[in-house]
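Topology and contacts: notes
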Amino acid sequence: MGGPCLACLDLTAGSRNSARAAQGALAGFFMLLIWVAPADAWAWSEFGEPEEKPAPVSAGPEIQEPFFAFLLGMVDADSLGQWSGANLRAVAEEAGRPSRFPLDQVVSLSRSRPDSASASRYVGGRVQANWRIELVAAQDRPMPYSIMGYHPGSLLVGGELVLAELAPMDLNLTWGNGEDRQSEAVTEVRIFALEKGHVVLDADGWLDALLGAGLDDSWTVGFVTCREQGRRLGLGVSLGRKGRQIYGEFDFANDQVLTHGRELASALSRMSRSWLNTENGNLPSPWSDR
């Protein structure tokens, strides 16, 4: 499997280790994915009934998309640094797999430590790193992944995005009631709270009319990654225009949006909102500039 071209990157020693982790290792990171739930305690995927389990892992790398592999490699190795758009394009080229994302629009990407005063700004969580992504301009591009056979609209992305990455934690998720009550532990749960900028799914009008309540414009509040029985999964956590809770699950190994919301993913979405909520004063007001 191809990996980042170390000769093409100006990396610290820690970053070199993290690049190797990416070789072995959220739509880019900031475009991860966006989706809908009633405005009660239960999150709900707008794309169908729950599936029992994700699709079998395909042969190949743990993370197919080279941009995701690089970013999560940096996270796994806890590397700090700043990378240019040229660095990221070199990584994708060296991986030998095309990226779905417009890396030519990236000016810079950085991961840095917070100061001690701001590290505790999330109750029950500690900020381990701050991410900043600068693009050449705000973006309005087609959704790079298909959902139920459709590319459902446009991703509107701000020209500057700032995310707070919380330190990893292990969580025990529960769902169901009575005899149907179930629980499962997930490990290495990382919350990425979108503190500045916006990532919005602007659903196509014709598809919105076709699917009705099954599709909604979505404002991203953050992203989540974790391991479920060792397998890495991703989650986009968002709000609809009328406050509907939103989540969407992403399969890194098969590089696809899961079109049916699993109960475990729904439970993870609900729990993540302890940090990914607009009442804690850390996140911007949704739809304020849309």
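Note: the structure precedes this text.
Conventions we followed
Residues numbered from 1 in each chain as written. Predicted model: local features only at pLDDT ≥ 70, side-chain atom pairs only at ≥ 80, totals over all residues. Heavy atoms only, no water. Helix = DSSP H or I, 4+ residues; strand = E, 2+ residues; numbered from the N terminus. Salt bridge = Lys/Arg side-chain N within 4 Å of Asp/Glu carboxyl O. Buried < 20%, exposed > 50% of the residue type's maximum accessible area, 1.4 Å probe, protein only. Polar contact = N/O pair within 3.5 Å; in protein donor to acceptor, adjacent residues only side chain to side chain.

Quick look at unusual backbone geometry now. In this structure, D78 takes a positive phi of about 55° despite not being glycine. As for its placement among the helices and strands, D78 is situated in the loop between α2 (66-76) and β1 (81-84). You will see that D255, though not glycine, has its phi angle at about 55°, which is positive. Position of D255 relative to the elements: it lies in the loop between β12 (245-251) and β13 (256-257).

Inspection of the entire model under this criterion finds 17 salt bridges. Among the salt bridges present, the one from R232 reaches D76, with a minimum N-O distance of 2.8 Å. Separated by 156 residues along the polypeptide, R232 in strand β11 (residues 231-239) and D76 in helix α2 bring together distant segments of the chain. We classify D76 as partly exposed; its relative accessible area is 31%. We note a salt bridge from R227 to E188, for which the minimum N-O separation is 3.5 Å.

Quick reminder: α-helices carry 3.6 residues per turn. Residues three or four places apart thus point the same way. By the criterion of burial, α2 is predominantly enclosed, with 10 of the 11 residues buried. What α2 keeps buried is the set P66, F67, F68, A69, F70, L71, L72, G73, M74 and V75. Two to three positions downstream of the cap, the backbone nitrogen of F67 sits 3.0 Å from a side-chain oxygen, assigning the N-cap of α2 to E65. After α2 finishes, the residue D78 shows a positive phi value of roughly 55°.

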